[in-house]
Amino acid sequence: MHILITRYRYKPATIDGQLSIDGIRICDCAENAHTALPPGTYSITIAHCRQYARKMPLIRPISNQSSVINNRVCPMLCPGNGVYNRKDGSILVGEYLVPGCLKHSRFTFDNLYDRIRKNLERGNEVTLTIR
């Protein structure tokens, strides 16, 4: 499974984009411009997150790529309505409302999480490319 995030709106504090899976548009996404991950390809894994007290899809650099993620933060695909307080490089998913803000985030995240989890359980690799 290949997830593609295409960034299309850059504001001083936020970055808005669209998330697609295997060429099909799924949802909108938003990132904090100050902590956003650099463009590139990443691996997605699922692991327990203490902040959310549940399993979450984590974003990890691919082994042949330089380590661009600080060991103390754990960027992930996650639900949320606004990116202004996000300091960990996470990518919020939902439906675009205004720059940096999303709606229907929990519903969108739950659907995306199920797709990622099922692909990983089947033994498929899940990658994320940010453009």
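Notes on the structure in this doc start here. None of the values given here were measured: they were computed from a predicted structure.

Conventions adopted
- Residues numbered from 1 in each chain as written.
- Predicted model: local features only at pLDDT ≥ 70, side-chain atom pairs only at ≥ 80, totals over all residues.
- Heavy atoms only, no water.
- Salt bridge = Lys/Arg side-chain N within 4 Å of Asp/Glu carboxyl O.
- Buried < 20%, exposed > 50% of the residue type's maximum accessible area, 1.4 Å probe, protein only.
- Helix = DSSP H or I, 4+ residues; strand = E, 2+ residues; numbered from the N terminus.
- Pairing = 2+ DSSP bridges.
- Core = buried A, V, L, I, M, F, W, Y, C linked by side-chain atoms within 4.5 Å.
- Contact = heavy atoms within 4.5 Å.
- Phe/Tyr/Trp six-rings, centres within 6.5 Å; stacked < 30°, edge-to-face > 60°.
- Lys NZ or Arg CZ within 6 Å of the ring centre and 35° of its normal.
- Expected span 1.5 Å × (residues − 1).
- Arc of directions from axis to C-beta.

## Regarding the pattern of salt bridges
Opposite charge on two side chains makes pairing possible when the charged atoms of those side chains draw close.
In step 1: Applying the stated criterion to the full structure yields seven salt bridges.
In step 2: Note that Asp 28 and Arg 25 form a salt bridge whose closest N and O atoms lie 2.7 Å from each other.
In step 3: Asp 28 gets classed as buried once you look at its relative accessible area, which sits at 7%.
In step 4: For the salt bridge of Glu 121 with Arg 117, the shortest nitrogen-to-oxygen distance reads 3.1 Å. With Glu 121 and Arg 117 both in helix α1 (residues 105-121) and four residues apart, this pair spans about one turn of that helix.
In step 5: Of the residues examined, Arg 117 reaches a relative accessible area of 25% and is grouped as partly exposed.
In step 6: Taken together, the shared-partner salt bridges in this structure form one network comprising Asp 114, Arg 117 and Glu 121.

## Let's talk about the pairing of strand β2 (residues 14-21)
Two faces make up the sheet, and in a regular strand the side chains alternate between them.
In step 1: Most of β2 is tucked away, with seven of its eight residues classed as buried.
In step 2: Counting the residues that bridge the hairpin from strand β1 (residues 2-10) to β2 gives three residues.
In step 3: Where β2 meets strand β3 (residues 24-32), eight bridges bridge the pair, whose relative direction is antiparallel. Among the inter-strand pairings, Leu 19 is bridged to a residue of β3, identified as Cys 27.

## Some words on the nonpolar core
In step 1: Ile 3, Leu 19, Ile 59, Leu 77, Ile 91, Ile 116 and Leu 128 are the most contacted members of the largest nonpolar core, which has 30 residues in total.
In step 2: Here the element with the most residues in this core is α1; it accounts for four residues.
In step 3: With residues up to four places along the chain from it excluded, the contact list for Ile 91 reads Ile 5, Cys 29, Ala 30, Glu 31, Ile 59, Met 76, Leu 77, Cys 78, Leu 128 and Ile 130.

## Some details on the pairing of β3
In step 1: Joining the antiparallel neighbours β2 and β3 is a turn of two residues, in which Asp 22 adopts a positive phi near 50°.
In step 2: Two strands pair when backbone bridges link them, and β3 and strand β7 (residues 91-98) are joined in this way by three bridges, in the antiparallel orientation. Counted as the bridge partner of Asp 28 is Gly 94 from β7.

## Concerning the environment of Leu 77
In step 1: When you line up the elements, Leu 77 lands in strand β6 (residues 77-78).
In step 2: Each residue touching Leu 77, except ones within four places of it in the same chain, is listed here: Ile 3, Leu 19, Ile 44, Met 56, Pro 57, Ile 59, Ile 91, Phe 109, Leu 112 and Ile 116.

## A word on the packing of aromatic side chains
In step 1: Tallied over the full model, the rule gives one aromatic pair.
In step 2: The aromatic ring of Tyr 113 is capped on one face by Arg 54, whose charged end is 4.8 Å from the ring centroid.

## Comments concerning α1
Every α-helical turn comprises 3.6 residues, leaving residues that sit three or four positions apart pointing alike.
In step 1: Helix length check: α1, at 17 residues, gives a terminal C-alpha distance of 24 Å against a target of 24 Å (1.5 Å per residue), a fit within 8%.
In step 2: Those residues of α1 not exposed but buried are Ser 105, Thr 108, Phe 109, Leu 112, Tyr 113, Ile 116 and Asn 119. Taken around the axis of α1, the buried residues stretch over an arc of 130°, which confines them to a single face. Looking at α1, the residues exposed on the side facing more than 90 degrees away from the buried face are Phe 107 and Glu 121.
In step 3: Note on α1: the residue one or two positions beyond its end, Gly 123, has a positive phi of about 90°.

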